[in-house]
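Analysis of the macromolecular model
Here's the letter readout for the chains.
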Amino acid sequence: RPPPPPPPPPPSPRLRPPQIETAPFAFVLNESRAWVEQHVPYFHSSDEDLNTAYWYRWRVFHLHLARAPKSQRTPGCDPKGCHVITEFLKKVPWSGPANTIVCPAGHHFAEARWVKDGRYAGDYARFWLRGAGWRKQYTFWPAHSVWRHSLLVDARPGAAGSLAHELLPALEANYRDWVRTHYHTGARCMFQSCHADGQENSATLDGCRPTINAVMFAEATAIAAAAAAAGNATLSAHFEEEAARWRGVVLERLWSEDLSFFTTLAQPPPKSLHDEIKWYRRKDSPTKGNSQSVQTYFGCLACPRGRACPPERGWPVGKLVPVRELSALTAPWYFGAVPAAPAGRSRKFATAWAQLHDAKGFASPWGPRTTERRSQCYNFSNAAQCNWNGPVWPFEVSKAATALAELLQTHPPQPHAGIAAWEALMLTYARAHTRARAEGRAPPHVDEDLHPDDGYWITRRKLHGVRPWAGAGGLGASHGRDWLAKRGDHYFHSSFTDLVLGGVAGLRAGAEFVEVRPLTTLRHWAVTGARVKGFALDVVWDADGSRYGLGAGLHVWADHAHLLSTPPVTVDAGTPSGGVRGRAADMRAVPARVRVGRRASGGGATGQRAVVCSAAMPPEEAPSGGGRW
């Protein structure tokens, strides 16, 4: 066991964070450069693919900013119309007002919480919860998103004046509405179709999916926390009970001992959902008969008859589907449904992460596959444009990286995953932006789904009628080419900058502090100008002190005042293709854990709250809630 790090030296007024320049990325930022320079944290690292992808993804964010119609007046929004974020730059027929689609909204919120101007995240939340957004078209997690936003930006999360406090009634109403329509009373769990999960032709098809049930745990947990912050103990206690119910569903009903994995419990749609769809088709419904505002597809889309997998008549009702899918790995940890304690139970469920690096599981050169390679259902034949039966989808890759970060940052040390495994996943994801092939687009670029072995964007190639899909086309195809061939340009269906700031730099917000707990062995990186809990945070890591000239270790500033410098610590980072095995070759120099928050100074009710910083033991020795501080 390595010795604890030496005490950090006192703060130095002479140390200044480095000046990060955007000029090298002008070709990436293009028309978005001025907006990006004003609104987002700056980032630099020793990995050029990561740097390029980071700045490119802020351009993607800026390109997708739009306004809801001014006529749709929404309380709390800008009078010119709510700021909203789109999935497609080109108008698509299945989108709602202002070309919005709720499917990637959780990813949009994850990115938006880092934008210094809170109007973008605030308006976007109000649009979905108070405005005309079609919030039940796809699985959606607004309470989880709003609470994470409040944890990061508010000195007192959920207090009066915060977005979480303002939207608490709407978040509770949205939760109850989902239970009303999607709760399967016979199976005692939440139903969702694979299409409404945003995962067309997922191999496990429809039923009580780990995704929606883990989402409900996160929604209930967030509402309970927001209610407690608002002083409503009764409401908070009720939603704590709700959270316990959904955690029980995920852990006890959807875990397969045979697979050592979470999976779908096959079920038909509940009557309440059929009734909802019928109501939306009525002329007196909010959408005046437009049932596109809810998903109406069930089962396998455009699939041939006589297929073996998935079965033509669907999976046996009431049985766990014997197929591992990436979404069933990501959701339970992304939404925190798997508890960190006791440690033995945490490690039992975390054995599922071995599939991430298994060549017969999800591993591929371009990122994790959406269906395990060994399954008969892998890449099953159908005529649909989009499929979640094997391709690499950034939507799910970003959830996988967030979920693995949750496991490594808040759970006890794991034998199946370490820092090196997270870093390998993240760098592969970055290279998908900078090195994958897209018809009509030079990198960097992000599109819909990526070929796991050959590194080209599959749906884009289909829409362009390029081999091996010449003549395939799709919706509205003419001569093998779709009129929406460019719909995937700069596609915003995933998160990335949130992973850089929350994983590479490891900025993780708690109720009273921001923890710096990086998940990388990169030689150097820097984040400047991050707006957290009411102050500006700069964090710089330099393994040997040669890059930034500040000395070896981690350096922290708040509101431009140097708070702390602490030397590197040595940990077992594990291997890029697996877990931690205790090998000397896997020991790496990484930053010590650090917490930054406000502490009262000056005494009395009018005393000031100064920003303070403290270092802890090496990051592998305790979960986020413990350790010697």
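Residues numbered from 1 in each chain as written. Predicted model: local features only at pLDDT ≥ 70, side-chain atom pairs only at ≥ 80, totals over all residues. Heavy atoms only, no water.

Turning our attention to the sheet that holds strand S15 (residues 561-566). In space, the five strands of this open sheet follow the order S1-S12-S13-S14-S15, with antiparallel pairing throughout. Two strands bound the open sheet, and with one partner strand each, they are strand S1 (42-45) and S15. The average angle at which neighbouring strand axes cross in this sheet is 15°, direction not considered. Bridging between strand S12 (residues 524-532) and strand S13 (residues 535-542) involves seven bridges; their strand directions are antiparallel. Paired with Ala 526 across the strands is Val 540, a residue of S13. (Pairing = 2+ DSSP bridges. Helix = DSSP H or I, 4+ residues; strand = E, 2+ residues; numbered from the N terminus. Axes fitted to C-alpha atoms, helices over the stretch in contact; angles between N-to-C directions.)

Moving on, we get to the side chain of His 451. Positionally, His 451 belongs in the loop between helix H14 (419-435) and helix H15 (458-463). Polar contacts involving the side chain of His 451 include one to the main-chain amide nitrogen of Asp 453, which spans 3.1 Å. If sequence neighbours within four positions are ignored, His 451 has contacts with Trp 366, Tyr 456 and Ile 458. (Polar contact = N/O pair within 3.5 Å; in protein donor to acceptor, adjacent residues only side chain to side chain. Contact = heavy atoms within 4.5 Å.)

For helix H10 (residues 271-280), the full list of buried residues reads Leu 273, Glu 276, Ile 277 and Tyr 280. The arc that holds the buried residues of H10, viewed along the axis, is 95°, so those residues lie on one side. Opposite the buried face of H10, by more than 90 degrees, sit the exposed residues Lys 271 and Lys 278. Next to the buried residues of H10 lie helix H7 (163-182). (Buried < 20%, exposed > 50% of the residue type's maximum accessible area, 1.4 Å probe, protein only. Arc of directions from axis to C-beta.)

Examined against the element boundaries, Lys 271 turns out to sit in helix H10. For Lys 271, a relative accessible area of 60% puts it in the exposed group. Remark: the alpha-carbon pair of Lys 271 and Glu 200, spanning 71 residues in sequence, is separated by 22 Å.

Time to look at the packing of helix H8 (residues 210-229) against helix H9 (residues 233-253). Axis separation between H8 and H9 bottoms out at 8 Å; the angle between their running directions is 160°. As summarised for this structure, H8 and H9 are arranged roughly antiparallel, according to the angle between their axes. Pair H8 / H9 crosses with left-handed handedness. On the side of H8, the interface is formed by Asn 213, Ala 214, Met 216, Phe 217, Ala 220, Thr 221, Ile 223, Ala 224, Ala 227 and Ala 228, while H9 contributes Leu 235, Ser 236, Phe 239, Glu 240, Glu 242, Ala 243, Trp 246, Arg 247, Val 249 and Val 250. Class assignment of the residues belonging to the contact of H8 with H9 gives a composition of 14 nonpolar, three polar and three charged. (Parallel < 35°, antiparallel > 145°, perpendicular 65-115°, else oblique. Left-handed = near helix turned anticlockwise from the far one by under 90°. Nonpolar A, V, L, I, M, F, W, Y, C, P; charged D, E, K, R; others polar.)

This part covers unusual backbone geometry. The omega angle of the peptide bond from Ala 341 to Pro 342 is -5°, so this bond is cis rather than trans. With respect to the helices and strands, Pro 342 occurs in the loop between helix H11 (326-334) and helix H12 (343-350). In this model, Pro 443 is joined to Pro 444 through a cis peptide bond whose omega is 5°. By secondary structure assignment, the location of Pro 444 is in the loop between H14 and H15. Backbone geometry at His 490 places phi at a positive 50°, although glycine is not the residue there. Tracing the backbone through its elements, the reader meets His 490 in the loop between H15 and helix H16 (497-504). Unlike most non-glycine residues, His 560 shows phi in positive territory, near 70°. Examined against the element boundaries, His 560 turns out to sit in the loop between strand S14 (553-558) and S15.

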